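For reference, the chains in residue letters:
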Amino acid sequence: MNVVAAIIERDGKILICQRKSGQRYAGKWEFPGGKVEPEEEFVAALARELEEELGIAAIIGAEIARYRYTYPGREPIQLIFYQVTRFEGEPVNLIFEQIRWEEAGKLPEYDFLEGDVEFVKRLAAG
């Protein structure tokens, strides 16, 4: 399975999202995005997810990381992160517990999904 995520930057901060209670991994922080549907291109999938989750029309930038991760008892997933610095509309929380703009250096202070932790450390380190 392929999962795409956006590193949305504005004014020196990155948008992070917290999963709602009742969801798998409730309370964990993540970057907006989601599963790529069969026959869907990665960039198109991410643009769709950002519209569904945040109500924005994003211009998807460069791929900045790609790796495989396996959660215990699950099939491996491939995580693909893209940079987003331009978008139309103001991000609105449509599906999360909360969304927050945060400085990259402070991201490791949040309880991120296990699959994102190493990437978050690299992002915070610049």
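Everything discussed here concerns the structure shown above.
Keep in mind that this is a model prediction, so the values were computed, not measured. The residue numbers shown here count from 1 along each chain, following its written sequence. Where local features are concerned, this predicted model is filtered to residues with pLDDT of at least 70; where side-chain atom pairs are given and counted, the filter is 80 or more; whole-chain, interface and lining totals use all residues. Note that water and hydrogens are dropped before the side-chain values are worked out from all heavy atoms of the structure.

Draft legend 1. Highlighting the packing of aromatic side chains. Pairing of aromatic rings covers Phe, Tyr and the six-membered ring of Trp, with a centre-to-centre limit of 6.5 Å; geometry is then stacked below 30 degrees between planes, edge-to-face above 60, and tilted otherwise. Scanning the entire structure with this criterion turns up eight aromatic pairs. Aromatic pair Phe 31 and Phe 81: ring centres 6.1 Å apart, planes at 90°, arrangement edge-to-face. A residue pair is termed long-range when its members are at least 10 positions apart, and Phe 31 in the loop between β3 (29-30) and β4 (33-35) and Phe 81 in strand β7 (residues 77-84) qualify at 50 residues. Residues Phe 81 and Phe 119 carry aromatic rings whose centres are separated by 4.0 Å and whose planes lie at 15° to one another, so their mutual orientation is stacked. Note that Phe 81 is positioned in strand β7 and Phe 119 in helix α2 (residues 117-125), a separation of 38 residues in sequence. Residue exposure (1.4 Å probe, protein chains only): buried if accessible area is under 20% of the type maximum, exposed if over 50%, otherwise partly exposed. The class of Phe 81 is buried, set by a relative accessible area of 1%. Owing to a relative accessible area of 4%, Phe 119 belongs among the buried residues under this scheme. Here a set of aromatic residues connected by ring pairs shows up, and it is made of Phe 31, Tyr 67, Phe 81, Phe 112 and Phe 119. In DSSP terms, a helix is any run of H or I states spanning at least four residues, a strand is any run of E spanning at least two, and both are numbered starting from the N terminus.

Draft legend 2. Quick look at helix α1 (residues 42-54). Spanning 13 residues, α1 covers 18 Å between terminal C-alpha atoms, matching the ideal 18 Å at 1.5 Å per step. Those residues of α1 not exposed but buried are Ala 45, Leu 46, Glu 49, Leu 50, Glu 53 and Leu 54. Down the axis, α1 shows its buried residues gathered within 135° of arc, on one side only. In this description, contact between two residues means that some pair of their heavy atoms is separated by no more than 4.5 Å. Contacts from the buried residues of α1 go to β1 (2-10), β2 (13-18), β4, β5 (57-59), β7 and β9 (98-103). Of the residues one or two after α1, Gly 55 is the one with positive phi, at around 70°. Each helix should span, by expectation, one fewer than its residue count multiplied by 1.5 Å. To obtain the arc, one takes the directions from the helix axis to the C-beta atoms.

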